[in-house]
Amino acid sequence: MAERPTLRDDQQLLDLEPLSPSDNSVTDDASSIPSNLGRVSRRTFLSGLGATGLMVSAGTFALAEEESGTPPAQENPSISRSTTINGKSYDLTGLDPRVTLLDLLRERIYFTGTKKGCDHGQCGACTVHVNGRRVNSCLTLAIMTAGKEVTTIEGLGQPGNLHPMQAAFVEHDGYQCGYCTSGQIMSAVALLKEPIGTTDEDIKQAMAGNICRCGAYPNILAAVKQVRGNASA
Amino acid sequence: MNQFNYLHPASTDQAVSSASSDGSKFIAGGTTLVDLMKLYVENPSTLVDVNDLPLAQVESLPNGGLRVGAMVRNSDLAFHPTVKEKYAVLSEALLSGASPQLRNMATTGGNLLQRTRCPYFRDVTAGPCNKRNPGTGCSAIDGFNRTMAILGTSDHCIATHPSDMDVAMTALEALIFIEGPKGKRSVPINDFYKLPGDTPHIENVLEPGELITHVEIPPAISTKQHYLKLRDRASYEFALASAAVVARVEGGHIHSVRIAMGGVGTRPWRAHEAEAVLTGKPATPAHFQAAAEAALRGAKPHTENAFKVELAKRCVIRALKVATA
Ligand SMILES: Cc1cc2nc3c(=O)[nH]c(=O)nc-3n(C[C@H](O)[C@H](O)[C@H](O)COP(=O)(O)OP(=O)(O)OC[C@H]3O[C@@H](n4cnc5c(N)ncnc54)[C@H](O)[C@@H]3O)c2cc1C
Ligand code: SF4
Ligand code: FES
Ligand code: FES
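Calculation rules
- Residues numbered from 1 in each chain as written.
- Chains lettered and ligands numbered in written order.
- Predicted model: local features only at pLDDT ≥ 70, side-chain atom pairs only at ≥ 80, totals over all residues.
- Pairing = 2+ DSSP bridges.
- Helix = DSSP H or I, 4+ residues; strand = E, 2+ residues; numbered from the N terminus.
- Axes fitted to C-alpha atoms, helices over the stretch in contact; angles between N-to-C directions.
- Contact = placed C-beta atoms within 7 Å.
- UniProt positions renumbered as here; feature names shortened; annotations may be inferred.
- Near = placed C-beta within 6 Å.
- Nonpolar A, V, L, I, M, F, W, Y, C, P; charged D, E, K, R; others polar.
- Buried ≥ 20, exposed ≤ 12 C-beta atoms within 10 Å, placed from the backbone.
- Arc of directions from axis to C-beta.
- Core = buried A, V, L, I, M, F, W, Y, C linked by C-beta atoms within 7 Å.

An unreviewed UniProt entry lists chain B under the name FAD binding domain-containing protein, with Acidicapsa dinghuensis as the source organism.

The name an unreviewed UniProt entry assigns to chain A is (2Fe-2S)-binding protein, from the organism Acidicapsa dinghuensis.

Quick look at the structure:
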C-alpha cells in the first residue's frame, strides 16, 4: 500500500482536494469506501514532485470550517446535508463548498470511473446523473447535491452485471482509449428517457455533449441505437 | 477558486436579503459561475444558492402569454409543449445552445446573465480587459477578435453576448421580473442589457442583491418562427452569427415581424431597422436582402471578423425565408 503523505498544515494543493486521513469532512462507513484506496493516488504522485509551483499558502486555501470547527453558514436548517451516491448516503457536513461533485467522487470517495477532461463543461467526460438527469459534475458544487441522488458509472452496473448500455458499448467497440467512455455511457443512458427524435441525427445531437478524441462516434451511435431499439421494441 | 461562504435560503425574501452584502452572488445552475470561479474571473465572497426557491414553474397566462420561472432549466423549457407549439423560436434557440448536460443544469435566470466568452476576459493572465478589470484596456481590439462583436461595440470593449436563448427572448419581447432590496419591478428585455460604452463591466440594469424571479413572454405575433445558428462546428459551440425571426404573413405580405441577432452584438441585438424595411412588403428574397442590409448597416468589423458582416446578412435572409415559408 502506497504511503499517503500528509500535507503540512499550512499548505494545501491548489485545486486538488486533500485525501489525508485527518480530513474527515466527508464521513462514510469504511465498508462503502471502494477497495482501491491502496493505489498510488494522484495526490501522492503530485506530492512526490515536491515543492513545485503547486503549493500555495494556507491563507487563501485553508478549509474555513476546519479552522472554525463550524459548518458554513446555512439559513434553512431543514435542508439536508447529505447526498446519496450510488445508493449510499454520504454526510457533507463540513465539506469545503468549493469541492466539485467531480472532485468529491474521484479524490475523496474514489469513484474514479468518472473522468476529468476539461474541468470546464466543455467535454462531457465527467457526466453523471443527479436525480436521474445527466449533468456535468465538474461544474456542480458537491454541496449543491445535498438531498439528491447521484449515480456514476459504478452505480450503473458492474462487471458480470452490466447495464444494457455498457454491454452494448462492449459489443460495438464504442471506444478506443476509453477515457470518454463512462461519460458517453452516462449520457447514452440518460437520453433513453429524454424526449428526442428517432433519427441518427437526433441521437448524434443528443450525444453532442460528449467529445471523443479517439473518434469512436460511429460505434457509439451503433450501441445507442441498439439499446434504444430494444427498449422501444 | 477562492473561498466563499455558502448560503441556502428557502424563500425569495431570504435570498434577496442574503445577497445584499458586497461580493454576494446567486448561484443557479452554476455553468457560468463555477466555470469563471475556477478561472478566478469571478470571486464571490458569498454564494446564495437559489435552487430551492419556488421559481421552477412554466405557466400559461390569461392573456395567452407564458410565465417562466427563473429556475426553469433550459432543457425543460425547450421541451415544454407550449413552448414547442407557440414559441418554436425559443425552443430551437435553447436546443442549439451548449450541450444536453449543460441545458439540464442551466436556468432561465442564469442564461440571461451568462458572461461573454471573450478569451481575454476568461484568462486573468491574458493582459488588459476592461470588463474584468475596469480601466485597464481591451486586449481584443488589436488582438484575437475573430469571434468578437461587430454591433454595439465601443473603444473599450467589443465582446460578444454569447447567448442563444436571450436572442429568441428578444424577438419575443420578453419581460424580466426582478425582486430586490428596494422591491419588485419588471424590465423589457430590450432595456435590460447595456451597451459597453466606457463601462463594459456593467452589463445590465440589475442592482446588487436583485434577483430575477421570472420572465413573461407575451403572446407571439405569429407561430411562423425560426432560430438559425451558424457556428464553427455543428454542435456544442457558440454562434458566429444567429438570427431569431417571428413573422406574421398575410396574403404574401409581411404584416409584422420581429428580428433579433446573436453572435454579432455586444448584447442580444434587436434589428428594428430590418423590421421597418420589411413591414408591409411582399415576403420575397429581394426584401429579405434589403432587410439584412439594414440590419448590418451599423456594423463595425475589426481585423479578424469582417466575415461576420456577410455571414450575419445571410443568416438573417435564411431565417426569414424559413420562418415565412
Ligand atoms: C461549454 C459551454 C458551452 C456553452 N454553450 C452555449 C451556447 O452555445 N449557447 C448559449 O446560449 N449558452 C451556452 N453556454 C452558457 C450556458 O447557457 C450558461 O452558462 C447558462 O445558461 C447559465 O445558467 P446557470 O443557471 O448555470 O447560471 P449560473 O452560472 O448559476 O449563474 C450565472 C450568473 O447569473 C446569476 N444568476 C443566476 N440566477 C439568477 C437569478 N435568478 N437572479 C439573479 N441572478 C442570477 C449568477 O449570480 C451568475 O452571475 C455554454 C456554457 C458552457 C460551459
Ligand atoms: S472585448 Fe471586452 S471582454 Fe474582451 S478583452 Fe476587450 S474589454 Fe475585455
Ligand atoms: S470535465 Fe466536465 S465537461 Fe469536461
Ligand atoms: S475513446 Fe478515447 S476519447 Fe473516446
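Remarks on the sheet that holds strand β5 (residues 127-130) of chain A
All names here are of chain A. With mixed pairing, 5 strands are arranged side by side in an open sheet as β4-β3-β7-β5-β6. At either margin of the open sheet sits one strand with a lone partner, and together these are β4 (88-91) and β6 (133-136). With strand direction ignored, the average angle separating the axes of adjacent strands in the sheet is 35°. The pairing of strand β3 (residues 82-85) with strand β7 (residues 149-151) spans 2 bridges and is classified as parallel. Each residue of the ladder has a partner; that of T84, found in β7, is E149. Contacting β5 and β6, helix α7 (residues 181-191) runs over the sheet at an angle of about 40° to β5.

Describing the UniProt feature "domain: FAD-binding PCMH-type" (unreviewed entry) in chain B
In the numbering adopted here, UniProt assigns the feature "domain: FAD-binding PCMH-type" (unreviewed entry) to residues 1-222 of chain B. The distance separating the terminal C-alpha atoms of residues 1-222 of chain B is 46 Å; by composition the span is 27% helix and 17% strand.

Examining the site of ligand 1
Contacts to ligand 1 come from 33 residues, most closely from B:G29, B:G97, B:G109, B:G110 and B:N111. One finds residues of chains A and B in close proximity to ligand 1. Sorting the residues of the shell around ligand 1 by element identifies β2 (24-27), α2 (33-38), α6 (100-105), α7 (108-112) and β8 (211-217) of chain B as the ones contributing at least two each. Looking at the shell around ligand 1 residue by residue, the class counts come to 16 nonpolar, 14 polar and 3 charged.

Observations concerning helix α12 (residues 285-295) of chain B
Residues and elements named next belong to chain B. Buried within α12 we find F288, A291, A292, A294 and A295. Seen end-on, α12 carries its buried residues on one side only, within an arc spanning 160°. Check the buried side of α12 and you find it contacts β11 (253-262), α11 (272-278) and α13 (307-324).

Here we look at the sheet that holds strand β4 (residues 58-60) of chain B
Residue and element names in this part refer to chain B. Read from one edge of the open sheet, 5 strands run β4-β5-β8-β6-β7, paired in antiparallel fashion. Edge positions in the open sheet fall to β4 and β7 (183-188), since each of these has one partner strand only. Strand-to-strand twist of the sheet, defined as the mean angle between neighbouring strand axes without regard to direction, takes the value 20°.

Describing unusual backbone geometry
Here the phi dihedral of A:D173 falls at roughly 60°; this positive angle occurs in a residue that is not glycine. Relative to the assigned elements, A:D173 resides in the loop between α6 (164-172) and α7. Backbone geometry at B:Y40 places phi at a positive 65°, although glycine is not the residue there. Along the chain, B:Y40 turns up in the loop between α2 and β3 (46-49).

A word on the site of ligand 2
The local shell around ligand 2 holds 16 residues, among which B:C118, B:Y120, B:C129, B:C138 and B:C157 are the closest. Of the residues in the shell around ligand 2, the class split is 11 nonpolar, 3 polar and 2 charged.

Some details on the nonpolar core
Residues and elements named next belong to chain B. Residues A168, L172, V245, M261 and V316 are the most contacted members of the largest nonpolar core, which totals 148 residues. Per element, the largest residue contribution to this core is 7 residues, and it comes from α13. Not counting chain neighbours up to four residues away, the residues in contact with A168 comprise V89, L90, A93, Y227 and A244.

Notes on the interface of chain B and chain A
Counting residues at the interface gives 29 residues for chain B and 30 residues for chain A. Of all the elements in the fold, those that place two or more residues in the side of chain B that touches chain A are β1 (5-7), α1 (12-18), α2 and α6 of chain B. A per-element tally of the side of chain B that touches chain A places α6(B) first, with 5 residues. Taken together, the residues of the side of chain B that touches chain A break down into 12 nonpolar, 13 polar and 4 charged.

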